[in-house]
Amino acid sequence: MIGDSEPLVLGIETSCDETGVGIVRGRTLLADAIASSVEQHARFGGVVPEVASRAHLEAMGPTVERALADAGVTFADVDAFAVTAGPGLPGALMVGVAAAKAYALSLGKPLYGVNHLAAHVCVDQLEHGPLPKPCVALLVSGGHSSILLVPDVASDVRALGSTVDDAAGEAFDKVARVLDLGFPGGPVIDRRAREGDPAAIAFPRGKYNDGTYDFSFSGLKTAVARWVEARQRAGEPVPVADVAASFQEAVVDVLVHKALKVCKDNGARDLLIGGGVAANSRLRALAAERCEQAGVRLRVPRPKLCTDNGAMVAALGSELVSSGLAPSELDLPADSSLPIGSVTL
Ligand code: KG4
Ligand code: ZN
């Protein structure tokens, strides 16, 4: 058995539409239970906060039970609880934080309120081992697009760039709506793009060489919508695969370009990509190609660990316990705009 001396940590994630409960021992993943409300949001074309909060409330108890059963442990075995305290949807976060407090208080165990973005970075340790110090992390999802410099995931995470408007995943979702492809848009655009020509349409690459590490995707989204409307007005068919491929290429080109610029400017040799958009096949391929050219090692967790999940929260909780950091107070708040500088609350 892998060292029982390592802490058994149960992590709870409810910042958006996934109720995630993960259990780790040290850096070994024991359970990763998920209940998603994504289907309840599909007809609205985006996550509806009140619907997400209610779904978390219903899923919380059963998902915790499932994770314990999958891991083959009981509440008595848990050494510490961790929960996403922010950033995220306020009502959704509150459900997870309240549940985690109740478990910690009733069982007399420590509770660590953690940062969702740092958790996205830390999860990769479950798959690829300890993170190099420092590493650069590109986090791209429906709610966030950030480039972080990570000297130490337990205590020192710095935001170097972020989107000034839409998140990368949000751009995928909005363009999918324009193309009538449903929600969430990322997976279907990824699929349709495989039959298309990424060079068919020259869509703009916002802020490509502006000297910052920030992104902008709203101009790109508008350019795609205008291009499609013009075709429709002219009564011409819309080449969906070419639009999807050209749009996707514009997004991933900028993401990889900026992430590698951060690596170069900071002398970092390791790049981690996380968040739901990290599941994108073209992003993975282009990043692999350009990282090899640049002599940068690429780490991308498997797709289930890239999207929101409880394992990432447990992974960061375990790191905090091992680093000897103090747990949170039991009056810890849910902070929807928790800054990335705060790894823990
Ligand atoms: O991390 P995540 O599960 O939830 C948050 O938003 O925090 O990410 C979901 C986002 C959605 O916008 C979805 O369209 C996008 O990730 N996504 C993808 C792919 N799979 C999911 N985007 C591009 N390509 C994909 N294969
Ligand atoms: Zn996320």
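Preceding block: the structure.
Being a predicted model, the structure only gives us computed values, none of them experimental.

What to know about the coordination of the zinc ion (ligand 2)
Six octahedral donors around a metal ideally make angles of 90 or 180 degrees; four tetrahedral donors ideally make 109.5 degrees. Those donors, His116 (NE2), His120 (NE2), His144 (NE2) and Asp308 (OD), are the protein atoms that reach the zinc ion (ligand 2), and they lie 2.1 to 2.7 Å from it. Seen from the zinc ion (ligand 2), its four donor atoms lie at angles of 86 to 164 degrees, and the figure they make is irregular. Each donor residue of the zinc ion (ligand 2) belongs to the same chain, and together they define the spacing H-x3-H-x23-H-x163-D. Placement of the pair is His116 and His120 together in helix H4 (residues 116-122), with a separation of four residues, close to one helical turn. Across this residue pair, the class does not change: His116 and His120 are buried.

Describing unusual backbone geometry
The omega torsion of the bond from Gly86 to Pro87 falls at -10 degrees, within 30 degrees of zero and hence cis. Relative to the elements of secondary structure, Pro87 occurs in the loop between strand S4 (80-86) and helix H3 (90-107). Along the chain, Lys133 connects to Pro134 via a cis peptide bond; the corresponding omega equals 5 degrees. Along the chain, Pro134 falls in the loop between helix H5 (124-128) and strand S6 (135-140).

Points about the packing of aromatic side chains
Counting across every chain of the model gives four aromatic pairs. Seen from their ring centres, Phe215 and Phe217 are 5.8 Å apart, and the 20 degrees between their planes marks the pair as stacked. We classify Phe215 as buried; its relative accessible area is 0%. Here a set of aromatic residues connected by ring pairs shows up, and it is made of Phe75, Phe81 and Tyr103.

A short note on the sheet that holds strand S9 (residues 270-274)
Here five strands make up an open sheet; going across it, the order is S8-S7-S6-S9-S10 and the pairing mixed. The sheet is open, and its two edges are formed by strand S8 (156-162) and strand S10 (297-299), each paired on a single side. Sheet twist, expressed as the average angle between the axes of neighbouring strands with direction ignored, equals 25 degrees. In this structure, S6 lies alongside S9, joined through four bridges in parallel fashion. Residue pairing across strands places Leu138 opposite Ile273, the latter belonging to S9. Against the sheet, helix H9 (residues 240-266) touches S6, strand S7 (145-152), S8 and S9, its axis set at about 160 degrees to S6. Those strands touched by helix H10 (residues 281-294) are S6, S9 and S10, and its axis lies near 160 degrees from that of S10.

Procedures and definitions
- Residues numbered from 1 in each chain as written.
- Chains lettered and ligands numbered in written order.
- Predicted model: local features only at pLDDT ≥ 70, side-chain atom pairs only at ≥ 80, totals over all residues.
- Heavy atoms only, no water.
- Donors = N, O, S within 2.8 Å, 3.2 Å for Na, K, Ca; no water.
- Tetrahedral: all angles 85-135°; square planar, octahedral: opposite > 155°, others 65-115°.
- Helix = DSSP H or I, 4+ residues; strand = E, 2+ residues; numbered from the N terminus.
- Buried < 20%, exposed > 50% of the residue type's maximum accessible area, 1.4 Å probe, protein only.
- Phe/Tyr/Trp six-rings, centres within 6.5 Å; stacked < 30°, edge-to-face > 60°.
- Pairing = 2+ DSSP bridges.
- Axes fitted to C-alpha atoms, helices over the stretch in contact; angles between N-to-C directions.
- Contact = heavy atoms within 4.5 Å.

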